[in-house]
Amino acid sequence: MLASFSSVKRRRKSPKSESYILSFLANDEGTELHMKILEEWKSRRLCFSFSVSYVVRNGKDDAGRIELCGPHMVNYVPCRDNFHGVKKILSVSRGKSFDRYCPSESNLWFCLVPSPINYKLPLPWPESLSEVWIGNFPPSTLVRDGIKRNFFTQNKEKLRVQDDTQAHELSKYLSKIHPNVTPGVHIKIILDVGSGLGRIGAAFHNVSSLHIAPKDFHRDGVQLSLERGIPSMLASFAMHRLPFPSEAFDMVYCSACDVEWTRDGGILLLEANRIIRGAGYFLLKIEVKKEEEHNFWSDVENLSKQLCWTLINKMENVALWKKPSDNKCYLTRGTGAQPPLCDAMENQDDVWYVPLKSCIPKLRERVRSISVRNRYKSLDVPERLQNVELDAYVPRVEAFLAEKFYWKMAVQSYIDELGWRKLQFRNVMDMRANFGGFAAALAASDMKCWIINVIPVSGPNTLPLIYDQGLIGAVHDWCEPFDTYPRTYDLLHASGIFSTEDKRCGIITILLEMDRILRPGGHAYIRDSVSLLVRVEALTKLIGWRTEIIDINEGVYGKSKILHCQKLLLHF
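Numbers given to residues run from 1 along each chain, matching the order in which its sequence is written. Totals for whole chains, interfaces and linings use every residue, but because this is a predicted model, local features are given only for residues with pLDDT of at least 70 and side-chain atom pairs only at 80 or more, for both listing and counting. Excluding hydrogens and water, the side-chain figures rest on all heavy atoms present in the structure.

Caption draft 1: The nonpolar core, seen in detail. Among the buried residues, those of types Ala, Val, Leu, Ile, Met, Phe, Trp, Tyr and Cys that are joined through side-chain atoms within 4.5 Å form a nonpolar core. Burial status follows relative accessibility: with a 1.4 Å probe on protein chains alone, a residue under 20% of its type maximum counts as buried, one over 50% as exposed, and anything between as partly exposed. Core analysis: the biggest nonpolar cluster contains 113 residues, and Trp261 and Trp420 have the highest contact counts within it. A run of DSSP states H or I qualifies as a helix once it reaches four residues; a run of E qualifies as a strand once it reaches two. Both are numbered from the N-terminal end. The element best represented in this core is helix H16 (residues 507–517), accounting for seven residues. Sequence-distant contacts of tryptophan 420, that is, excluding residues within four places in its chain, are made with Tyr414, Ile415, Phe425, Phe438, Leu442, Met447, Leu491 and Tyr525. Counting 17 residues, the second largest nonpolar core, distinct from the first, contains Leu170, Ile177, Val181 and Val207. Two residues form a contact once any of their heavy atoms are found within 4.5 Å.

Take a look at the structure:
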């Protein structure tokens, strides 16, 4: 059978003791799985000190020493906490302080981001939706205000979401403004902008939602959402395009999200327009001073008319607009209309560090008209498959269907033979998603998890195909840190990531980032050539991961294996 597993070669060696303490805090109310992991770690004497010297032959991975970072870095997000980079900007206006400022090569951290001293294994889904360990993230204004307003209650070591009625406010608004629009039926993919708690992901399990917000030391709603198991990442409407393709979302939802939609001639609303699909929606709830409300609505409504949006309804402080389904309105605007149409040669899916543009992109021409309701059901292949530039001799449709079949079989083998259902993982990342076959197979298996599909900038930009399948994802360069908090993901899937990025970034750079974003007790499955895995496994020993090599029965020409890694708990 394709992608079945024949034998497992285990090689686990603990680093020698020196100065830093590795320990596992038992969760006395934890699941049977938690206790099983604890007993396994105890039996293998995996509570050890940590400080390792090493020598690496590859020039990219310089000889050195990996130790724990200081306790001030327990929530370190490199490209959002780079104070050296932020200090260089001349002004914090227009959201500049919320943009990405990654450390220079000379200032890169070369240590293991520790966990908080009271960290516990996250509660399993769906229990985590209503309760989280309060020691797993720092106290914030969001939590303190939530407790005062009875959104949360604190019971010893747990924070409980006491009143989750806010999670259903989207349904409430739509039922009043436009009853014919139903999430999960007419709307499949929603971008939830800065709602604080990831309300959409908490309320609807039949939609693909993604909650984004900037890193805010006072609120940190993204971190709380991730701890609850809600799809979230750090991102903001600031100076550059969001890491999403054009026409990706059926709805952009802003509930008092603090985005200055009307600044600079409405450039942020133009970015929202770029990522909303044809016939998609923009739902806006505002909280402004009474004396400012009239001017704000006037500015937004004027901008929406220039974008050819239709105001469906407006009630009090909530309004819903609909984007046109074709280009008729854009083509009939008068000469000199502002904002202008974008240059036809400009790639609207090119997003990595691309500045925001003050223009309106035309909607892509569709071969056939497809209703929003049936968009993700009626196509055997994604709409934009033929538009993607691929370095392949195999026809696109054949390549897509082959990958889809391959990952369907492989994921089933992971579940049956590697016991994935017992792992109870919730937050999953595919670090090199290609056509999204892995995520599609995992979603079809009815695993209770969500998957973010990452498309590396070093390869073809297939992210539009991800969204055409009703999945979510982002563009990223693995030579830089990902925009999320430490201890975000339960499972990292890395197929071919090291063979494609080794010469650009270096193995140790990527491994350190994987360690930062992987939760203690979490798993990484690295699928690559044997020669690469030998090097990768040697370096995983520097960060204290438990490892095992898994042979894959791929026939006589198969050259790949899987390196299964598990992260331990590190704190002072």
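Caption draft 2: Here's a closer look at the pattern of salt bridges. Take a side-chain nitrogen of Lys or Arg and a carboxyl oxygen of Asp or Glu: if they are within 4 Å of each other, that pair is a salt bridge. Evaluated as defined, the whole model comprises 25 salt bridges. Lysine 120 is the partner of glutamate 157 in a salt bridge, and the nearest nitrogen-oxygen pair spans 4.0 Å. One end of the pair, glutamate 157, is in the loop between strand E8 (152–155) and strand E9 (158–161); the other, lysine 120, is in the loop between strand E6 (111–112) and helix H3 (127–130), with 37 residues separating them in the sequence. On the accessibility criterion, glutamate 157 (42% relative accessible area) is partly exposed. In this structure, arginine 277 engages aspartate 250 in a salt bridge whose closest nitrogen and oxygen atoms are separated by 3.8 Å. In this pair, arginine 277 is assigned in strand E14 (residues 276–285) and aspartate 250 in strand E13 (residues 249–255), connecting sequence segments 27 residues apart. Summarising the burial analysis for this pair, arginine 277 and aspartate 250 share the class buried. A cluster of three or more residues bridged by salt bridges with shared partners is formed by Glu247, Asp250, Arg277, Arg364, Glu383, Arg384 and Asp468.

Caption draft 3: Fine view of helix H11 (residues 396–417). With 22 residues, H11 ought to run about 32 Å at 1.5 Å a step, and its terminal C-alpha atoms sit 31 Å apart, in line with that. For H11, the full list of buried residues reads Ala399, Phe400, Glu403, Trp407, Ala410, Val411, Ser413, Tyr414 and Ile415. Phi for glycine 419, located one or two positions after H11, is positive at around 65°. A helix's residues, less one, multiplied by 1.5 Å, set its expected span.

Caption draft 4: Structural detail: the side chain of glutamate 227. Relative to the assigned elements, glutamate 227 resides in helix H7 (residues 221–228). Within this scheme the basic residues Lys and Arg register as positive and the acidic residues Asp and Glu register as negative, but His and the chain ends are omitted. No salt bridge is formed by the buried glutamate 227; its nearest oppositely charged neighbour, arginine 519, is found at 4.1 Å. Not counting residues within four places of it along the chain, the set of residues in contact with glutamate 227 comprises Pro122, Ser128, Val132, Asn136, Phe137 and Arg519.

Caption draft 5: Representation of the sheet that holds E9. The strand order across the open sheet formed by three strands is E7-E9-E8, and the pairing between neighbours is antiparallel. The sheet terminates laterally at strand E7 (131–133) and E8, the two strands that pair on one side only. Recorded for the sheet is a direction-independent mean angle of 25° between the axes of neighbouring strands. By definition, two strands form a pair when at least two bridges between them are found by DSSP. Across three bridges, the pairing between E7 and E9 is antiparallel. Note on geometry: axes are C-alpha line fits, over the in-contact stretch for helices, and angles between N-to-C directions span 0 to 180 degrees.

Caption draft 6: Quick peek at the packing of aromatic side chains. Two rings belonging to Phe, Tyr or Trp (six-membered ring only in the last case) form a pair when the distance between their centres is within 6.5 Å. Interplanar angles under 30 degrees mark stacking, angles over 60 mark edge-to-face geometry, and anything in between is tilted. Considering all chains together, one arrives at 19 aromatic pairs under this definition. Residues phenylalanine 249 and tyrosine 467 carry aromatic rings whose centres are separated by 5.2 Å and whose planes lie at 65° to one another, so their mutual orientation is edge-to-face. Here phenylalanine 249, found in strand E13, pairs with tyrosine 467, found in helix H14 (residues 463–468); they are 218 residues apart in sequence, far enough to count as distant. The same class applies to phenylalanine 249 as to tyrosine 467, namely buried. The interplanar angle of 80° and the centroid separation of 6.2 Å between the aromatic rings of tryptophan 420 and phenylalanine 438 together place this pair among those described as edge-to-face. Of this pair, tryptophan 420 sits in helix H12 (residues 420–423) while phenylalanine 438 sits in helix H13 (residues 437–444), and the two are 18 residues apart along the sequence. Taking the relative accessible area as the measure of exposure, tryptophan 420 reaches 0% and is therefore buried. By definition, being over a ring means that NZ of Lys or CZ of Arg is both within 6 Å of the ring centre and within 35 degrees of the ring normal. For lysine 120, the ring lying beneath its charged end belongs to tryptophan 133, and the centroid distance is 5.3 Å. Here the guanidinium or amino end of arginine 426 rests over the ring plane of tryptophan 125, the centre of that ring lying 3.4 Å away.

Caption draft 7: Expanded view of helix H9 (residues 290–306). For H9, spanning 17 residues, the distance from its first C-alpha to its last is 26 Å, which sits close to the expected 24 Å at 1.5 Å a residue. Of all the positions in H9, only Glu293, Phe296, Trp297, Val300, Leu303 and Ser304 are classed as buried. Angularly, the buried residues of H9 cover 135° about the axis, an arc narrow enough to put them on a single face. In this structure, H9 carries Glu291, His294 and Lys305 as exposed residues pointing more than 90 degrees from its buried face. Where H9 is buried, its residues meet helix H8 (267–275), E14, strand E15 (310–315) and strand E16 (318–322). Once H9 ends, the next one or two residues include cysteine 308, with phi positive near 65°. Note: the arc covers the axis-to-C-beta directions of the helix.

Caption draft 8: Examining the side chain of asparagine 136 more closely. Tracing the backbone through its elements, the reader meets asparagine 136 in the loop between E7 and helix H4 (141–148). With a relative accessible area of 2%, asparagine 136 lands in the buried category. Within polar-contact distance, the side chain of asparagine 136 engages the backbone oxygen of lysine 120 at 2.9 Å. If we ignore the near neighbours within four places in the chain, the residues touching asparagine 136 are Pro116, Asn118, Tyr119, Lys120, Pro122, Gln223, Glu227 and Arg487. In the analysis that follows, any N or O atom pair within 3.5 Å is treated as a polar contact, provided that within protein one partner can donate a hydrogen and the other can accept it, and provided that, for residues neighboring in sequence, both atoms belong to side chains.

Caption draft 9: Quick peek at the packing of H16 against helix H17 (residues 530–540). Orientation of H16 relative to H17, taken along the N-to-C sense of each, is 55°, at an axis distance of 10 Å. What the angle tells us is that H16 and H17 run oblique. Where H16 crosses over H17, the handedness of that crossing is right-handed. Residues Ile507, Ile508 and Leu511 of H16 lie in contact with H17, whose contacting residues are Leu532, Arg535, Val536, Leu539 and Thr540. In this classification, Asp, Glu, Lys and Arg are treated as charged, Ala, Val, Leu, Ile, Met, Phe, Trp, Tyr, Cys and Pro as nonpolar, and every other residue, Gly included, as polar. Taken together, the residues of the contact of H16 with H17 sort by class into six nonpolar, one polar and one charged. When an angle is under 35 degrees it counts as roughly parallel; over 145 it counts as roughly antiparallel; between 65 and 115 it counts as roughly perpendicular; any other value is oblique. Handedness of a helix crossing follows the sense of rotation of the near helix relative to the far helix, less than a right angle counterclockwise being left-handed and clockwise being right-handed.

Bear in mind that shape data such as this cannot, by itself, settle questions of function.
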